[in-house]
Amino acid sequence: MKAAIYYGQKDVRLEELETPVAGDNDIVVKNLYASICGTDVAVYTHGPNTGHRITVGSEFGHEMISQVVQVGKNVKDIEVGMIVYPYPRLAKGDPKRAGTVGGFSEYVLIPNAELDKQVYDIPAKIPVREACLIEPFTVGFRAARRAEPKPGEHAIVFGAGTIGIAAAIGLKYFGCKEVMICDHSDFRLEKAKNLGFATCNNSREDLKEAAMSVFGTAPSRFGLTANVPIYIDAAGAEPILELYQSIGKIESRMVVVAVRAGKRPVDVLEMTYSQHALIGSGGYNPEDVEDVIAVMVQKKWDIESIITDEFPQEQISQAVERAEDVDHALNVVIRY
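Below: a short report on this structure. In this text the structure is predicted, and so the values were computed from the model without any measurement. (Residues numbered from 1 in each chain as written. Predicted model: local features only at pLDDT ≥ 70, side-chain atom pairs only at ≥ 80, totals over all residues. Heavy atoms only, no water.)

Moving on: the side chain of H276. Mapping H276 onto the fold places it in the loop between helix 9 (268-274) and strand 16 (277-280). A distance of 3.1 Å separates a polar atom in the side chain of H276 from the backbone oxygen of K249. Each residue touching H276, except ones within four places of it in the same chain, is listed here: Y244, Q245, G248, K249, E251, S252 and M271. (Helix = DSSP H or I, 4+ residues; strand = E, 2+ residues; numbered from the N terminus. Polar contact = N/O pair within 3.5 Å; in protein donor to acceptor, adjacent residues only side chain to side chain. Contact = heavy atoms within 4.5 Å.)

So, in structure tokens, the structure goes:
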């Protein structure tokens, strides 16, 4: 089989590996589509240790949708031909391999496979191409869930990438009345606008003023501000936390889901006086998978519309470089 092997900064090679064979308790899946994650872009552009734990000289990729091609004799409820979502935290039997399942390889061995644990059956109503977005959408839905949204609340999401848009959809799904998405890319903001979200290019617009015009006003430590109790950072830019602390209303909360290494300063005294909450969100749980599948079945949002580019496996390097171009691309997928 062909597999994309990671060798370091801007060095990914397509190589021939032995096609896996299922043991008695295993299945083998053939990848149909794989989405490129922001952490895949980070390790490609900047080298190892800048995203998931991707081992030099090994397969990588984890956002995929697949078809079952082999089933071990002891495996129940899984049949050849099924379209499945491999759950990265369990697909290889080791949560540390969540980022290195083999999404950029033709075939993947799933050991000790159980339905609704290592893999999930995908309803026929979900287009296969759209289904490769399940993994990043579960990350966004986990962030939305961590915000504990209440019916009728407003929210602002920083970052119009796949996870930011997923978080915004998750917030609406969980009951938020209106959500604004902020970004510096007009291209990505247009995609968010077409999905029904208010938008703000906060590189040239005053976010506080824009948000007040959309959501109305509420008190903060520094006077009137936007009536927004929920903020989600899906961008990871350094100024975002400070911006939140300066404009967040009393008793608002910020969920941080963007993966960036390093420490950030927090004004703990202001956080205390403003009664702000700072909440971390990482990964996903089975309930997030179930919610994302339910949303995709509903078809309330044109989720597939955020896929802007599609490349064959042979052009994996070009695909990752395209995914880095935030002014012309949003979600980039590999087809097999």
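Past the structure itself, the notes keep going.
A separate point is the pairing of strand 12 (residues 217-220). Judged by which residues are buried, strand 12 turns out to be one-sided: A218 and S220 face inward and are buried, whereas T217 and P219, on the alternate face, are not. Sheet analysis places strand 12 next to strand 13 (residues 223-226), joined by 4 bridges and oriented antiparallel. Bridged to S220 within strand 13 is G223. Counting the residues that bridge the hairpin from strand 12 to strand 13 gives 2 residues. (Buried < 20%, exposed > 50% of the residue type's maximum accessible area, 1.4 Å probe, protein only. Pairing = 2+ DSSP bridges.)

Attention now moves to a nonpolar patch on the surface. A surface patch of nonpolar side chains, amounting to about 220 Å² of accessible area, comprises V266, V268 and L278. Along the chain, the position of V268 falls in helix 9. (Patch = residues over 30% accessible without salt bridge, like charges linked within 9 Å, V, L, I, M, F, W, Y side chains within 5 Å. Areas by Shrake-Rupley, 256 points an atom, 1.4 Å probe, with all protein chains shown as cover. Salt bridge = Lys/Arg side-chain N within 4 Å of Asp/Glu carboxyl O.)

With that settled, consider the packing of helix 4 (residues 134-146) against helix 10 (residues 286-298). Following both chains from N to C, one finds helix 4 and helix 10 inclined at 110°, their axes separated by 9 Å at the closest point. Classified by the angle their axes make, helix 4 and helix 10 are roughly perpendicular. Of the two possible hands of crossing, helix 4 and helix 10 adopt the one that is right-handed. Residues I134, F137, T138, F141, R142 and R145 of helix 4 form the contact with helix 10, whose own contacting residues are E287, D288, V289, D291, V292, I293, V295 and M296. Here the residues of the contact of helix 4 with helix 10 sort into 8 nonpolar, 1 polar and 5 charged. (Axes fitted to C-alpha atoms, helices over the stretch in contact; angles between N-to-C directions. Parallel < 35°, antiparallel > 145°, perpendicular 65-115°, else oblique. Left-handed = near helix turned anticlockwise from the far one by under 90°. Nonpolar A, V, L, I, M, F, W, Y, C, P; charged D, E, K, R; others polar.)

In terms of nonpolar packing, the biggest core is built from 53 residues, with F137, I169, L171, I181 and I232 touching the most fellow members. Only strand 3 (27-35), helix 4, strand 9 (154-158), helix 5 (162-173), strand 10 (178-183), helix 6 (186-194), strand 14 (230-233) and helix 10 provide two or more residues apiece to this core. If we skip the residues at most four places from it in the chain, I169 touches F137, F141, F197, V295, W301 and I303. Counting 33 residues, the second-largest nonpolar core is a separate cluster that includes Y6, Y44, V119 and I316. (Core = buried A, V, L, I, M, F, W, Y, C linked by side-chain atoms within 4.5 Å.)

This part takes up the side chain of E135. Within the secondary structure, E135 sits in helix 4. One buried charge, E135, has no salt-bridge partner; the nearest side chain with opposite charge is R89, at 9.2 Å. A polar side-chain atom of E135 sits 3.0 Å from a polar atom in the side chain of Y284. Those residues in contact with E135 that lie beyond four places of it in its chain are H62, E63, Y85, P88 and Y284. (Lys, Arg positive; Asp, Glu negative; His and termini not counted.)

So, about helix 4. The end-to-end C-alpha distance of helix 4, which contains 13 residues, comes to 18 Å, matching closely the 18 Å that a straight helix rising 1.5 Å per residue would cover. In terms of residue burial, helix 4 counts as a mostly covered element, since 11 of its 13 residues are buried. (Expected span 1.5 Å × (residues − 1).)

Turning to the sheet that holds strand 15 (residues 253-256), a few remarks are in order. Strands pair in a sheet through their backbones, by hydrogen bonds, and they do so in one of two ways: parallel or antiparallel. One open sheet accounts for 6 strands, arranged 11-10-9-14-15-16; its pairing is parallel. Single-partner strands in this sheet number two, and they are strand 11 (198-201) and strand 16. Geometrically, the sheet is characterised by an average inter-axis angle of 20° between neighbouring strands, direction not taken into account. The pairing of strand 10 with strand 11 spans 4 bridges and is classified as parallel. The partner of M180 across the bridge, within strand 11, is A198. In the packing of helix 5 onto the sheet, contacts are made with strand 9, strand 10 and strand 14, and the angle to strand 10 comes to roughly 170°.

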